[in-house]
Amino acid sequence: MLPRAVNLRTLCWVLLLLTSTAVAANDANTQRQLDSLNEKIGSLKKSIGKQQDDRSSTAKALRKIETDIGKLAAKLRQTSTKRDQQQRKLAELEARQQQLRKKQVSQKSLIAEHVRSAYILGKESQLKMLLNQEQPEKLSRTLTYFDYFNRARSEELSKYRDTLSELDLLKPAIKTEAQALANTSAELKRQQQALVQQKQQRATALTGLDREILSNTSSLNKLDKERKSLESVLQAVEREITNIAMPESYQPFKAMRGKMPWPVTGKLLNRYGASRQGSAVTWQGIQIAGREGDSVLSIHNGRVVFADWLRGAGLLIIVDHGGGYLSLYAHNQSLLRAEGDWVKGGEAVATVGNSGGQRQAGLYFEIRYKGRPTDPRSWCK
């Protein structure tokens, strides 16, 4: 039996070693793929920059302003979340303080009752009471009673001391948390004011762009250029980047057809495949009405392969879901995830905005398969 046990133990160690080696190799392979992804994205952005050098100074200014707004809005969201957490923590500390104060009153009342009882017992000494007992069983009960009484009094005093100690500790903790909350609230106010100023600059830049686009023909030409710019990015992403291995537990995108949620809740503003402004350019996705600052959710698990500003699309994020499938989210106010990040379905990747020169807040959403757009309504419920 012993050799068999030894062999079994050896086999377990070998299997464990092989598993650990496989996991380490897989992690190393994934890291190599991520390094390659970052390198390809860097090259892609340089190429995009060269393609868009013909933009006017006003358009360049719009890009900078909207990019700055995106960074500030993301920071504002983080600060707001931090403030909410601090508010909850402060409320919990104050609620605990109230509980302890009520407990303190109750304990003081109980201790006072014990003191009164001790005073009454003191009028007739314990020794005299014990000597007056004529029966052994009565004497035993009296001794037990004194023992219980003294022990209970000692326990209550100990609990009371603990309550006072915790109250003393809570006072500086509440003060510290209240000060942290005040600092965060002040920072939040400064960021909100800065965001308002950035939006005013954006409005000025948009007015300048409107003067540059004087005719419907100019507007259609602009629309055509913007679509081609987006297509060039998508083609490069699909050709160069969408080959990162997905986890084994990953649910295939195609298996989720008709079951995925929409990235935002709102009215669908166009029909997929319809003409845009009567031109040859058609809608290859869906424009969804939304409130500025609302979360944009990834429709499924995947890897972020693009997160930056792009002409016509504004702040754009693209998620690779494997198997040739991509989802695209454009005109965001801010981007919450970076290239190379793994995101889960239902996780916020951006916030609704109007970047890319849009007048109204909303999300432009596409799903693509092997380079071709597909109707999002057949995928999202």
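Up top is the structure these notes are about.
Residues numbered from 1 in each chain as written. Predicted model: local features only at pLDDT ≥ 70, side-chain atom pairs only at ≥ 80, totals over all residues. Heavy atoms only, no water.

Undergrad: Please explain the pairing of strand S3 (residues 302-310) as it appears in this structure.
TA: Side-chain positions along a regular strand alternate between the two faces of the sheet. With nine of its nine residues buried, S3 lies for the most part within the structure. Sheet topology note: the S3/strand S6 (residues 342-343) ladder contains two bridges and is antiparallel. Considered in S6, the bridge of Arg303 is made with Trp342. Here seven bridges tie S3 to strand S4 (residues 314-322), and the two strands are oriented antiparallel to one another. Paired with Arg303 across the strands is Asp320, a residue of S4. (Buried < 20%, exposed > 50% of the residue type's maximum accessible area, 1.4 Å probe, protein only. Helix = DSSP H or I, 4+ residues; strand = E, 2+ residues; numbered from the N terminus. Pairing = 2+ DSSP bridges.)

Undergrad: Which parts of the structure should I look at to understand the environment of Leu181?
TA: Relative to the helices and strands, Leu181 is located in helix H4 (residues 136-212). Sequence separation of Leu181 and Lys89 is 92 residues, and the distance between their C-alpha atoms is 9.8 Å.

Undergrad: I'm lost on the side chain of Thr351 in this one. Help?
TA: Within the fold, Thr351 resides in strand S7 (residues 348-352). Looking at Thr351, the relative accessible area reads 2%, which means it is buried. If sequence neighbours within four positions are ignored, Thr351 has contacts with Arg77, Gly293, Asp294, Val296, Asn332, Gln333, Ser334 and Leu336. (Contact = heavy atoms within 4.5 Å.)

Undergrad: Looking at this model, I keep getting lost on the nonpolar core. Mind explaining?
TA: Note on soluble globular proteins: their nonpolar side chains tend to be buried together. One finds Phe253, Val296, Ile299, Tyr329 and Phe365 to be the most contacted residues of the largest nonpolar core, which totals 28 residues. For this core, the secondary-structure elements that each account for two or more residues are strand S1 (286-289), S3, S4, strand S5 (325-335), S7 and strand S8 (362-369). Look past the residues within four positions of Phe253 in its chain and what remains in contact with it is Met260, Ile299, His300, His321, Tyr325, Ile367 and Trp379. Counting 16 residues, the second largest nonpolar core, distinct from the first, contains Leu230, Ala274, Leu316 and Leu326. (Core = buried A, V, L, I, M, F, W, Y, C linked by side-chain atoms within 4.5 Å.)

Undergrad: Whenever I open this one, the pattern of salt bridges confuses me. Can you help?
TA: A side chain of one charge can pair with a side chain of the opposite charge when the charged atoms of the two come close. In the structure shown here, the tally under the stated rule is twelve salt bridges. For Glu166, the salt bridge goes to Arg96, with nearest N and O atoms at 2.9 Å. Placement of Glu166 in helix H4 and of Arg96 in helix H2 (residues 57-123) is noted, with a sequence separation of 70 residues between them. Judged by its relative accessible area of 29%, Glu166 falls in the partly exposed class. For Arg96, a relative accessible area of 30% gives the class partly exposed. One continuous salt-bridge network, built from bridges that share partners, spans Arg337, Asp341 and Glu347. (Salt bridge = Lys/Arg side-chain N within 4 Å of Asp/Glu carboxyl O.)

Undergrad: Which parts of the structure should I look at to understand the packing of aromatic side chains?
TA: What characterises a pair of aromatic rings is the spacing of the ring centres plus the angle enclosed by the ring planes. Per the stated rule, a full pass over the model turns up seven aromatic pairs. With a centroid separation of 5.0 Å and 40° between ring planes, the pair formed by Phe253 and Trp379 is classed as tilted. Separated by 126 residues along the polypeptide, Phe253 in the loop between helix H5 (216-241) and S1 and Trp379 in the segment after strand S9 (372-374) bring together distant segments of the chain. Summarising the burial analysis for this pair, Phe253 and Trp379 share the class buried. Ring geometry for Tyr325 against Trp379: centres 5.3 Å apart, planes inclined by 70°, an arrangement best described as edge-to-face. Of the two residues, Tyr325 sits in strand S5 while Trp379 sits in the segment after S9, which places them 54 residues apart along the sequence. The class of Trp379 is buried, set by a relative accessible area of 2%. (Phe/Tyr/Trp six-rings, centres within 6.5 Å; stacked < 30°, edge-to-face > 60°.)

Undergrad: Would you mind showing me how to read the side chain of Ser334 here?
TA: Structurally, Ser334 can be placed in strand S5. Separated by 2.5 Å, the side chains of Ser334 and Thr351 make a polar contact. In contact with Ser334, not counting residues within four places along its chain, are Gly70, Ala73, Ala74, Leu315, Ala350 and Thr351. (Polar contact = N/O pair within 3.5 Å; in protein donor to acceptor, adjacent residues only side chain to side chain.)

Undergrad: What is the right way to look at the environment of Val296 in this model?
TA: Assignment of secondary structure puts Val296 in strand S2 (residues 295-297). The exposure class assigned to Val296 is buried, which follows from its relative accessible area of 0%. Once residues lying within four places of it in the same chain are set aside, the contact partners of Val296 are Pro263, Val264, Tyr329, Asn332, Glu347, Ala348, Val349, Ala350, Thr351, Val352 and Leu363.

Undergrad: Is there a simple way to think about unusual backbone geometry in this case?
TA: Trans is the common state for peptide bonds, and a negative phi is the common state for residues other than glycine. The phi dihedral of His331 falls on the positive side, at around 65°, and the residue is not glycine. On the accessibility criterion, His331 (6% relative accessible area) is buried.

Undergrad: What's the story with the environment of Leu100 in this structure? I'm lost.
TA: Mapped onto the fold, Leu100 is located in helix H2. On the basis of relative accessibility, which here comes to 0%, the residue Leu100 falls in the buried class. A sequence separation of 60 residues divides Leu100 from Tyr160, and the C-alpha atoms of the two residues are 10.0 Å apart. Residues contacting Leu100, with those up to four places away along its chain left out, are Thr163, Glu166, Leu167 and Leu170.

Read these as spatial facts, not as claims about activity.
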